[in-house]
Amino acid sequence: MAFTGKVVLITGASSGIGAETARKLAAQGARLILNGRNVDSLTSVAESCGRSNAFVVPGDVTKESDNENLISETIKKYNRLDVLINNAGILESGTIETTSLEQFDRVMSTNIRSIYHLTMLAVPHLIKTEGNIVNISSVNGIRSFPGVLAYNISKAAVDQFTRCVALELALKNVRCNSVNPGVTVTNLHKRGGMNDEAYAKFLEHSKTTHAMGRPGQVNELAEAIAFLASDAASFITGASLPVDGGRHAMCPR
């Protein structure tokens, strides 16, 4: 029960990695604040965590007022914050020839601006508890891939943000790390525009682009996030941890 008594805020908690992480931490005793835009899905995740240990605060992380409300409601409910997990993110296809400034702004707003803002708001409370931050980045923040230009840039920014914040808060005993998934079986790519057929082909192709011959599963990401958020990682800060079946070490074409 590594998280007994700990208050953990998770954005993008209505599905995928965020939902699985919520269930993982609930099983280890955490008191949760679950954030996302889909209220029905959030409620379902909260129920799977044990409703008494999960408090739902719907909101859009790209809206400053929603982020301010999220932190306010967290402190009002639990009077503390121990762990911030910045998981909310979007993916959109686009190359330098097909992208737009609107796409760039949309992706950057969700994937890095929201993390920047929410972390700003959370840090005073994390300093009080000597807590920590886990940002969900991507192998795309470590390696370069064509076809998702704005997404790549946003995730590289998450990794740099992670390192800088880690250095700024280290002497206050607040750790900041990121997890870098490879292709993971979630609804992220379908939300980004892939139909069922294209997604099936994408997952099949992932067997050749990941050294371990398969895409990842959400429980594997949740395990890594739980580790970095726990006291077991007490001397780890500023790290970007690939959980990608070796993809970051490969040169696939």
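Residues numbered from 1 in each chain as written. Predicted model: local features only at pLDDT ≥ 70, side-chain atom pairs only at ≥ 80, totals over all residues. Heavy atoms only, no water.

**Comments concerning the overall build of the chain**
Counting secondary structure elements, the chain contains 8 helices and 7 strands. The C-alpha radius of gyration of the chain comes to 17 Å, within 12% of the 18 Å expected for a compact globule of 253 residues. Each principal axis of the C-alpha atoms in the chain carries an extent, and together these give about 50 × 40 × 35 Å. Relative to its full complement of 253 residues, the chain shows a buried share of 50%. Restricting the contact set of the chain to residue pairs at least 6 apart, pairs at least 24 apart contribute 70%. The positive charge centre, built from 25 side chains, and the negative charge centre, built from 23, are 4 Å apart in the chain. (Helix = DSSP H or I, 4+ residues; strand = E, 2+ residues; numbered from the N terminus. Rg over C-alpha atoms; globule rule 2.2 N^0.38 Å. Buried < 20%, exposed > 50% of the residue type's maximum accessible area, 1.4 Å probe, protein only. Contact = heavy atoms within 4.5 Å. Lys, Arg positive; Asp, Glu negative; His and termini not counted. Charge placed at Lys NZ, Arg CZ, Asp CG, Glu CD.)

**Examining the pattern of salt bridges**
Taken as a whole, this structure holds 10 salt bridges when the rule is applied. Note that E73 is salt-bridged to K76, the shortest N-O span being 3.2 Å. Residue E73 and its partner K76 are both found in helix α3 (residues 64-78); the two are separated by 3 residues, about one turn of the helix. (Salt bridge = Lys/Arg side-chain N within 4 Å of Asp/Glu carboxyl O.)

**Some words on the nonpolar core**
Counting 30 residues, the largest nonpolar core has V8, I10, L25, L32, L34, I85 and V134 as its most contacted members. Within the residue set of this core, elements represented by two or more residues are β1 (7-10), α1 (16-27), β2 (31-34), α2 (39-49), β3 (54-56), β4 (83-86), β5 (132-136) and α8 (218-229). Examining the composition of this core, we find that 6 residues originate from one element, α8, more than from any other. If you look at the next biggest cluster of nonpolar residues, it comprises 25 residues, including A122, V123, V158 and C176. (Core = buried A, V, L, I, M, F, W, Y, C linked by side-chain atoms within 4.5 Å.)

**Examining α1**
In this model α1 runs 17 Å from its N-terminal to its C-terminal C-alpha over 12 residues, within 8% of the 16 Å that 1.5 Å per residue would give. For α1, every residue scored as buried is listed here: I17, G18, A19, T21, A22, L25 and A26. Just past α1, the residue G29 takes up positive phi, approximately 95°. (Expected span 1.5 Å × (residues − 1).)

**Brief notes about helix α7 (residues 196-209)**
A rise of 1.5 Å per residue sets the reference length of α7, with its 14 residues, at 20 Å; its end C-alpha atoms lie 20 Å apart and thus fit the reference within 8%. For α7, the complete set of buried residues consists of Y199, L203, S206 and T209. Taken down its axis, α7 places every buried residue within 110° of arc, on the same side. Exposed residues lying more than 90 degrees from the buried face of α7 are E197, K201 and T208. As for α7, its buried residues are in contact with α6 (188-191). Of the residues flanking the start of α7, the one acting as N-cap is N195, its side-chain oxygen 3.2 Å from the backbone nitrogen of E197. (Arc of directions from axis to C-beta. Polar contact = N/O pair within 3.5 Å; in protein donor to acceptor, adjacent residues only side chain to side chain.)

**Some points on the sheet that holds β3**
Strand order in the open sheet formed by 7 strands is β3-β2-β1-β4-β5-β6-β7, with parallel pairing between adjacent strands. With partners counted over all chains shown, the strands left at the sheet margins are β3 and β7 (240-243), one partner each. Ignoring which end each strand starts from, the neighbouring axes of this sheet average 20° apart. As defined by bridge partners, β1 adjoins β2 across 4 bridges and the pair is classed as parallel. Pairing of L9 across the sheet is with I33, part of β2. Its contacts with the sheet put helix α4 (residues 101-129) on β4 and β5, and the angle it makes with β4 is roughly 175°. α8 contacts β4, β5, β6 (175-181) and β7 of the sheet and is inclined by roughly 170° relative to β6. (Pairing = 2+ DSSP bridges. Axes fitted to C-alpha atoms, helices over the stretch in contact; angles between N-to-C directions.)

**What about the packing of aromatic side chains?**
Taken as a whole, this structure holds 1 aromatic pair when the rule is applied. A ring pair is formed by Y116 and F161, whose centres lie 5.7 Å apart and whose planes are at 40°; its orientation type is tilted. Note that Y116 is positioned in helix α4 and F161 in helix α5 (residues 149-169), a separation of 45 residues in sequence. Using a relative accessible area of 13% as the deciding quantity, one classes F161 as buried. (Phe/Tyr/Trp six-rings, centres within 6.5 Å; stacked < 30°, edge-to-face > 60°.)

**With respect to the state of the cysteines**
For the structure shown, the criterion picks out 0 disulfides. No disulfide involves C164; its sulfur sits 9.7 Å from the nearest other cysteine sulfur, which is in C176. (Disulfide = S-S within 2.5 Å.)

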